[in-house]
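Survey of secondary and tertiary structure
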Amino acid sequence: MKADNKRMLVGRERKPADTVVRVNGIAIGEGTFTVMAGPCAVESLEQTLETARRVKKAGAHLLRGGAFKPRTSPYSFQGLGSKGLEILTRAKKETGLAIVTEVMSAEDVPMVALVADILQIGARNMQNFNLLDACGRQSKPVLLKRGLMSTIEELLLSAEYILSRGNPHVILCERGVRTFEKYTRNTLDLSIVPVVKKLSHLPIIVDPSHAAGIRDYVPALSRASVAVGADGLLVEVHPRPERAKCDGSQSLTPDGFDRLMKTLRPIARAVGKKLR
Ligand code: PEP
Ligand code: MN
């Protein structure tokens, strides 16, 4: 994407005012800081409800959790599928939290959109053009994660697919990119936030969990994300991370998440963002 390309729907030249994505009474975009938290995967009703209650109490605005999981190995837990969607529906009913959950294929979009308040397109699917197309042809907001080895320009062009098919409700998400560094799972590229703010009107949030891969680093990266001007966070939380079927090593405990939320508020205030 060229910053001076006037045809780009995602570009600031075309739309100078920030896009605010509204979901369930929450406004995601300039002026607010939105926190989406929950387990990597929906594993059971109990695990999901317990997490939902705890993250809500700590101040999260949306519940995240995957029913369909894109796993590197075909032998790893692949998610509960439609049963996972039913569990998310129960969690929403009980807590009132809006749901963000991943959709992995174009055919599944109508089914997942019945439950999700925000459809997540995972890093591995950032350039699945049929999926981008299908998400662009429906009206639920889309959380588009940056690919493991994708440039900012490629991310914006993937968002352009969704907007050009008629859906303007797109939130971008930085989740770390692959580099030579081994002490973290991925390298969190926080420079994307001011770059996207300059090039585009779309909101951008940060996922420090998949970037770090290690729980201990998540709080500092979360605070840095608020400070750099991100519009929100996507954080993995599990009531018993040591027993998680997926991404336990990077999941915060509910107590850890509660402590983190308390440290984010003064930073949000300092950068002029409301964190309810
Ligand atoms: C996830 O959010 O659990 C996930 C699989 O993330 P990513 O697509 O960024 O790896
Ligand atoms: Mn995960």
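Refer to the structure above for everything that follows.
My aim in this report is to walk through the structure given alongside it, one point at a time. This structure is a prediction, so every number in the text was calculated from the model and none was measured.

Here's the deal with the overall build of the protein
Helices and strands together make up the secondary structure of the protein, namely nine helices and ten strands. When burial is assessed residue by residue, the protein has 58% of its 276 residues classed as buried. In the protein, the proportion of contacts linking residues at least 24 apart, taken out of those at least 6 apart, comes to 70%. Each charge class in the protein can be summarised by its mean position, and for the 42 positive and 28 negative side chains these summaries are 4 Å apart.

Considering the coordination of the manganese ion (ligand 2)
Summarising the metal site, the manganese ion (ligand 2) is bound by the protein donors C40 (SG), H210 (NE2), E236 (OE) and D247 (OD), whose distances to it range over 2.0 to 2.4 Å. Counting gaps between the donor residues of the manganese ion (ligand 2) yields the pattern C-x169-H-x25-E-x10-D. Here C40, found in the loop between β3 (34–38) and α1 (45–58), pairs with D247, found in the loop between β10 (232–236) and α9 (254–270); they are 207 residues apart in sequence, far enough to count as distant. By relative accessible area, C40 is classed as buried at 2%.

Digging into the packing of aromatic side chains
The full count for this structure, using the stated rule, is one aromatic pair. With a centroid separation of 4.8 Å and an interplanar angle of 35°, the aromatic rings of F129 and Y161 are classed as tilted. On the criterion of sequence distance, the pair formed by F129 in helix α4 (residues 129–136) and Y161 in helix α5 (residues 152–164) is long-range, its members being 32 residues apart. Here the guanidinium or amino end of K245 rests over the ring plane of F77, the centre of that ring lying 5.3 Å away.

Reading guide: rules and limits
Residues numbered from 1 in each chain as written. Chains lettered and ligands numbered in written order. Predicted model: local features only at pLDDT ≥ 70, side-chain atom pairs only at ≥ 80, totals over all residues. Heavy atoms only, no water. Helix = DSSP H or I, 4+ residues; strand = E, 2+ residues; numbered from the N terminus. Buried < 20%, exposed > 50% of the residue type's maximum accessible area, 1.4 Å probe, protein only. Contact = heavy atoms within 4.5 Å. Lys, Arg positive; Asp, Glu negative; His and termini not counted. Charge placed at Lys NZ, Arg CZ, Asp CG, Glu CD. Donors = N, O, S within 2.8 Å, 3.2 Å for Na, K, Ca; no water. Phe/Tyr/Trp six-rings, centres within 6.5 Å; stacked < 30°, edge-to-face > 60°. Lys NZ or Arg CZ within 6 Å of the ring centre and 35° of its normal.

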